[in-house]
Amino acid sequence: MHAAVITAYDAPPVYGEHPEPVARGEHELVVDVLAAGLHHLTRAKANGTHYSATGVFPLVPGVDGVVRDSSGRLRYAVLDDTNLGTFAERTVIDARRSVVLPDDVDPVRIAAAMNPGMSSWVALRRRITFREGQRVLILGATGSAGRMAVQIAKRFGAAQVFAVGRDATGLAALPDLGADRALTFDEIAAAADVDVVLDFVWGAPAAGAMLAMLTARADRSVPLTWVQIGSMAGESAPIPSAALRAARLKIVGSGIGSVSARDFIAELPELAKAVTEGAIDVRARAVPPARIAQAWSEKTSERLVFVP
C-alpha cells in the first residue's frame, strides 16, 4: 500500500510504498482510509511540539479519520499513540475508539470537523460544568476550532458568545455563525464579565487578555473559568500572580489526559450527527496523496483533508 511517511521531526512527509498493516489485538481492525484531516494536533505530534509526541520514527501521521471496515460500514475512528496513522491507504483501528456513521455522510466533511469540533464540545460537556445561559468568550475564534467553538457554545445554550481574534476578515464572518460580538484583542475588556473562556491561543496574548479582562470585571468575586485548549501563540503564558489572587479565576486544561478517552468517545456520536445534519459550518478541502508534502505546511482557513 501507499502512505505518507515522516522520518524525522524536521522532515516533511513523503508519500510512497509502506508495508501493509496487521491487526494484532482482540479489538483491532484493518480498515480502508477514506479521509483524514490535517489537524494542528497531527502536525504537533509529528514535529514533537505536542506533549503526546513519541519521537519514534518512521511515522505515518494522522490521528483520526473516516474509514471503511471489512463489513463495508463507515466509521469515524480516533487512533491511540501509534506509528501507523491515518495518512495511508489502510491502517489499524481499535473498534472501541470508533463510532459507526451513516452510509450517506460526506467523509471529507466529517474528517475535517470532528477533531477541531471535539475540542470545544468536550471542554463544555466533559471538562467543566457549563450551564445554559452562561456567557462565553472564544479566544482565537477565527481558526477552524475557534469558528466551530462559536457555534457549539451557542448550541449548548450560551446566552452570549464573544469571538476574539486578530484576523479582521475572519472576525467579520463570525456574527453569521452565532457570535454576539466580534472583538480584537485590544477590545477584549468589553467581554470582561463572561463566565467561561475557551482559549485556543495561550502564550503572551492569552496572559495579556486575561489581565485586561480581570481588571475590567464589574465584580471580581464572580467566578471565571478559563479553559486552555490550544497553544497557537506559545506553549507557556506569563500569567502574573495578581491574576490568581485578585479575582475568582480558575484555569483548567482540556485535552488528551485531562479528559479520558472514554469521555471523548462518548461524545463522538452526537458531534458526528450535528456535523452530518449541517448544524455546524465546516470549511474543508480535499488534498490528493501526491500533494501531501506541499500541503503539510500550508496556511489556510480551510481544514485540509488527506484523501487516499
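Residues numbered from 1 in each chain as written. Predicted model: local features only at pLDDT ≥ 70, side-chain atom pairs only at ≥ 80, totals over all residues. Heavy atoms only, no water.

Draft legend 1. Structural context of the overall build of the protein. Of the regular secondary structure elements, the protein holds eight helices and 15 strands. When each of the 308 residues of the protein is scored for burial, the buried share is 50%. Carbon and sulfur atoms form 50% of the exposed surface of the protein, whose accessible area is close to 13600 Å². On the protein, the mean spot of the 32 positive side-chain charges and the mean spot of the 33 negative ones are 5 Å from each other. (Helix = DSSP H or I, 4+ residues; strand = E, 2+ residues; numbered from the N terminus. Buried < 20%, exposed > 50% of the residue type's maximum accessible area, 1.4 Å probe, protein only. Areas by Shrake-Rupley, 256 points an atom, 1.4 Å probe, with all protein chains shown as cover. Lys, Arg positive; Asp, Glu negative; His and termini not counted. Charge placed at Lys NZ, Arg CZ, Asp CG, Glu CD.)

Draft legend 2. Representation of the environment of Asp-281 in the model. When you line up the elements, Asp-281 lands in the loop between helix H7 (261-276) and strand E14 (284-287). Residue classification places Asp-281 among the partly exposed positions, given a relative accessible area of 32%. Residues Asp-281 and Thr-91 lie 190 residues apart in sequence; the distance between their C-alpha atoms is 29 Å. The residues contacting Asp-281, other than those within four sequence positions of it, are Arg-147, Met-148, Gln-151 and Leu-177. Here the side chain of Asp-281 touches Arg-147 through a polar contact of 2.6 Å, side chain to side chain. (Contact = heavy atoms within 4.5 Å. Polar contact = N/O pair within 3.5 Å; in protein donor to acceptor, adjacent residues only side chain to side chain.)

Draft legend 3. Examining helix H2 (residues 107-127) more closely. A rise of 1.5 Å per residue sets the reference length of H2, with its 21 residues, at 30 Å; its end C-alpha atoms lie 28 Å apart and thus fit the reference within 8%. At Met-118, H2 is deflected by roughly 40°, the largest bend along its length. Counting buried positions along H2 gives 15 out of 21 residues, so the element sits mostly inside the fold. The residue sitting at the N-terminus of H2 and contributing the capping side-chain oxygen is Asp-106; that oxygen lies 3.0 Å from the backbone nitrogen of Val-108. (Expected span 1.5 Å × (residues − 1). Bend = angle between axes of the 7 residues up to and from the residue.)

Draft legend 4. Structural detail: the packing of H2 against helix H3 (residues 144-155). Where H2 meets H3, the axes come as close as 8 Å, and the angle between the chain directions of the two elements is 45°. Taken as axis vectors, H2 and H3 run oblique relative to one another. Our pair here, H2 against H3, has a crossing hand that is right-handed. Touching Ala-113, Pro-116, Gly-117, Ser-119, Ser-120, Trp-121 and Leu-124 of H2 are Ser-144, Ala-145, Met-148, Ala-149, Ile-152, Ala-153 and Arg-155, all from H3. Class assignment for the residues of the contact of H2 with H3 results in nine nonpolar, four polar and one charged. (Axes fitted to C-alpha atoms, helices over the stretch in contact; angles between N-to-C directions. Parallel < 35°, antiparallel > 145°, perpendicular 65-115°, else oblique. Left-handed = near helix turned anticlockwise from the far one by under 90°. Nonpolar A, V, L, I, M, F, W, Y, C, P; charged D, E, K, R; others polar.)

Draft legend 5. Molecular detail of the nonpolar core. Ranked by size, the top nonpolar core spans 54 residues in total, and within it Tyr-76, Leu-124, Ile-138 and Leu-198 carry the most contacts. For this core, the secondary structure elements donating two or more residues are strand E5 (74-78), strand E7 (98-101), H2, strand E8 (135-139), H3, strand E9 (160-164), strand E11 (196-199) and H7. Formed by 26 residues, the second largest nonpolar core is a distinct cluster that contains Met-1, Ile-6, Ala-36 and Val-60. (Core = buried A, V, L, I, M, F, W, Y, C linked by side-chain atoms within 4.5 Å.)

Draft legend 6. Up close: the side chain of Thr-91. Of note, Thr-91 is situated in strand E6 (residues 90-94). Among the polar contacts made by the side chain of Thr-91, one reaches the main-chain carbonyl oxygen of Leu-84 at a distance of 3.0 Å. Among the polar contacts made by the side chain of Thr-91, one reaches the main-chain carbonyl oxygen of Gly-85 at a distance of 3.0 Å. Not counting residues up to four positions away in its chain, the partners in contact with Thr-91 are Pro-21, Leu-29, Val-30, Val-31, Val-33, Leu-79, Leu-84, Gly-85 and Thr-86.

Draft legend 7. Expanded view of the side chain of Arg-97. By secondary structure assignment, the location of Arg-97 is in the loop between E6 and E7. If we ignore the near neighbours within four places in the chain, the residues touching Arg-97 are Tyr-76, Ala-77, Val-78, Leu-79, Asp-80, Ala-261 and Ile-265.

Draft legend 8. Broad picture of the packing of aromatic side chains. All told, the structure shown has five aromatic pairs when counted by the stated rule. With a centroid separation of 5.1 Å and an interplanar angle of 85°, the aromatic rings of Tyr-9 and Phe-57 are classed as edge-to-face. Note that Tyr-9 is positioned in the loop between strand E1 (2-5) and strand E2 (14-17) and Phe-57 in the loop between helix H1 (40-47) and strand E4 (64-68), a separation of 48 residues in sequence. Accessibility expressed as a relative area gives 37% for Tyr-9, which makes it partly exposed. Look at Trp-121 and Phe-156: their rings are 4.9 Å apart centre to centre, the planes differ by 75°, and that puts the pair in the edge-to-face class. In this pair, Trp-121 is assigned in helix H2 and Phe-156 in the loop between H3 and E9, connecting sequence segments 35 residues apart. An aromatic cluster is defined as three or more aromatic residues linked by ring pairs; in this entry it consists of Tyr-15, Phe-87, Trp-296 and Phe-306. Positioned over the ring face of Phe-185 is Arg-166, at 4.3 Å from the centre of the ring. (Phe/Tyr/Trp six-rings, centres within 6.5 Å; stacked < 30°, edge-to-face > 60°. Lys NZ or Arg CZ within 6 Å of the ring centre and 35° of its normal.)

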